[in-house]
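Given next are the chains, with one letter for each unit.
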Amino acid sequence: METRQLEYLVAVAEELNFTRAAERVFAAQSTVSAGVRALERELGAALFERDPHGVRPTATGVAVLEEAREALRAVERVRDAARGDGELRGVVRVGIFTNLTTIDLPGIMGEFHQRHPLVDLRLGPSPSGSTGLAEDVRQGRLDVAFVGLPDRLPGLLERELAVSPFVAVVAADHALAGRPEVSLAELADEQWVDARAGFGNRVTLDRELAARGISRRVPTELSDLGEIPRFVAARLGVAVLPALTVIPAAGAVVIPLRERIEWRLDAIARPRPSTAALAMLDLLSERFGRSRTLEAR
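To keep things clear, this report deals only with the structure shown in the data block. Given the structure is predicted, the values throughout are model-derived calculations rather than measurements.

### Focus on the overall build of the chain
1) Next: In terms of regular secondary structure, the chain is built from 10 helices and 11 strands.
2) Next: Considered along the principal axes of its C-alpha atoms, the chain spans approximately 70 × 50 × 30 Å.
3) Next: Looking at the chain as a whole, 47% of its 297 residues are labelled buried.
4) Next: The contacts of the chain with a sequence gap of at least 6 include a subset with a gap of at least 24, amounting to 73%.
5) Next: Positive and negative side-chain charges in the chain, numbering 38 and 42 respectively, have mean positions lying 1 Å apart.

Next comes the structure, spelled out in structure tokens:
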């Protein structure tokens, strides 16, 4: 059994397509197909079901997949331990939020690159927000991810980066726009703009609304958290968002929320991450700790 075969297995299982898997691992499709079939022969079991509609793991394939991911992580740790020049190498796959300029993601990644120029970075979001990012880390598809979920995530490493209060966002000509503060009850009958189900801010807010017996209607949902204030400015509804995520938009105003509801931003990883992934976690903790120190002055 070769490491490359395990890489092919993981790529096919995650892409559910041999062509995309081959592109991902920089190999010919025939090479990936042959590698997977050789692994199946060695294990004496079919790992994938193949039909004209695509490819999907068998029950055995699902069971083998997690072991394959762990084996590849172990190989990476062995390589880390064997390198004697002190330079980190490898790839760190980071799950991010899109269009969130209040977090200086380019600056953070630029600093990481300056410290570890031989580590490649792969950044991308999840269409289901923090919930999807957390699952991607659990399944080994990501090494590190930003999440904003209200509950702790058992079995994962977590670094708290920031805590932000929720604020209301309304159109500049809204009847509540001049208020010094506003309550959730005052917003309940409005139309709302919010992130899609699964996003951490939505999970937190829905829980708080339910605890207060408040229901609402959300006719406009977005998968880009940073765009919500612009849609509020276009009079599609009101929003309640973590202050850290609010990108100013012409025609929208921010009002303090009477209730104290907090959103927690964390960085997460699987236990025993690679040295490069651990270095990313450490830098995130350092950068956000640095920001909190500056704000306190």
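### What about the packing of aromatic side chains?
1) Next: Going through the model one piece at a time under the given rule, you end up with 4 aromatic pairs.
2) Next: Ring centres of Phe 97 and Trp 263 lie 6.4 Å apart, and the angle between their planes is 45°; this geometry places the pair in the tilted category. Of this pair, Phe 97 sits in the loop between strand S3 (90–95) and helix H5 (105–115) while Trp 263 is found in strand S11 (residues 262–269), placing the two residues 166 residues apart along the sequence. For the pair shown, Phe 97 and Trp 263 are each scored as buried.
3) Next: Directly above the aromatic system of Trp 192 lies the positively charged group of Arg 216, at a separation of 4.7 Å from the ring centroid.

### What about the nonpolar core?
1) Next: If you look at the biggest cluster of nonpolar residues, it comprises 56 residues, and the most contacted ones within it are Phe 146, Leu 184, Val 240 and Leu 265.
2) Next: Broken down by element, this core gets its largest block of residues, 8 residues, from helix H10 (residues 275–296).
3) Next: Those residues in contact with Leu 184, other than ones at most four positions away along the chain, are Trp 192, Leu 205, Leu 209, Arg 212, Ile 214, Val 240, Leu 257, Glu 259 and Ile 261.

### Points about the packing of helix H1 (residues 3–15) against helix H3 (residues 29–43)
1) Next: Packing of H1 against H3 leaves a shortest axis separation of 9 Å and a crossing angle of 105°. Here H3 runs roughly perpendicular to H1, going by the angle between their axes. Along the contact surface, H1 presents Gln 5, Leu 6, Tyr 8, Leu 9 and Val 12, while H3 presents Thr 31, Val 32, Gly 35, Val 36, Ala 38, Leu 39 and Glu 42.
2) Next: Residue composition of the contact of H1 with H3, grouped by class: 8 nonpolar, 3 polar and 1 charged.

### Here's the deal with the side chain of Thr 204
1) Next: Here Thr 204 shows up in helix H8 (residues 200–211).
2) Next: Setting aside its immediate chain neighbours within four residues, Thr 204 contacts Gly 148, Pro 150, Phe 166, Ile 261, Glu 262 and Trp 263.

### Describing H8
1) Next: Under the 1.5 Å per step criterion, the end-to-end length of H8 is 17 Å for 12 residues, consistent within 8% with the ideal 16 Å.
2) Next: Within the sequence span of H8, burial applies to Gly 200, Asn 201, Arg 202, Thr 204, Leu 205 and Leu 209.

### Some points on the pattern of salt bridges
1) Next: By the definition in use, this model includes 32 salt bridges.
2) Next: The partner of Asp 143 in a salt bridge is Arg 93, with the nearest N and O atoms 3.0 Å apart. On the criterion of sequence distance, the pair formed by Asp 143 in the loop between helix H6 (129–138) and strand S5 (144–147) and Arg 93 in strand S3 is long-range, its members being 50 residues apart.
3) Next: Judged by its relative accessible area of 16%, Asp 143 falls in the buried class.
4) Next: The shortest N-O distance in the salt bridge between Asp 266 and Arg 264 comes to 2.8 Å.
5) Next: Residue Arg 264 is classed as buried on the basis of its relative accessible area, which comes to 13%.
6) Next: Overlapping salt bridges bring together Asp 104, Glu 111, Arg 115, Glu 286 and Arg 287 as one network.

Conventions and cut-offs
Every chain is numbered independently, its residues counted from 1 as its sequence is written. With pLDDT at 70 or above as the cut-off, local features in this predicted model cover only qualifying residues; side-chain atom pairs require 80 or more to be listed or tallied, and sums for whole chains, interfaces and linings still use all residues. Computation of side-chain values: all heavy atoms of the structure, hydrogens and water removed. Working definition: helices are DSSP H or I runs of at least four residues, strands are E runs of at least two. Numbering for both runs from the N terminus. Each residue is assigned to one of three classes by its accessible area relative to the maximum for its type, calculated with a 1.4 Å probe on protein chains only: buried under 20%, partly exposed between the two thresholds, exposed over 50%. Note on definitions: a residue-residue contact is assigned when non-hydrogen atoms from the two residues lie within 4.5 Å. A positive count includes Lys and Arg, and a negative count includes Asp and Glu. His and the chain ends are not counted in either. Charge placement uses NZ in Lys and CZ in Arg. For Asp and Glu, CG and CD serve respectively. Aromatic pairing here means that ring centres of Phe, Tyr or Trp (its six-membered ring) are within 6.5 Å. Orientation follows from the plane angle: under 30 degrees is stacked, over 60 is edge-to-face, and everything else is tilted. Counted as over-ring charges are cases with an Arg CZ or a Lys NZ within 6 Å of the ring centre that also lie within 35 degrees of the ring normal. As used in this record, nonpolar core signifies buried Ala, Val, Leu, Ile, Met, Phe, Trp, Tyr and Cys residues forming a set joined through side-chain atoms within 4.5 Å. Every angle, taken between N-to-C directions, lies between 0 and 180 degrees, and every axis is a line fitted to C-alpha atoms, over only the stretch in contact when it is a helix. Should an angle lie under 35 degrees it is considered roughly parallel, over 145 roughly antiparallel, and from 65 to 115 roughly perpendicular; all remaining angles are considered oblique. Charged residues are taken to be Asp, Glu, Lys and Arg, nonpolar residues to be Ala, Val, Leu, Ile, Met, Phe, Trp, Tyr, Cys and Pro, and polar residues to be all remaining types, Gly included. Multiply 1.5 Å by the residue count of a helix minus one, and that product is the helix's expected span. For this document, the term salt bridge refers to a Lys or Arg side-chain nitrogen within 4 Å of an Asp or Glu carboxyl oxygen.

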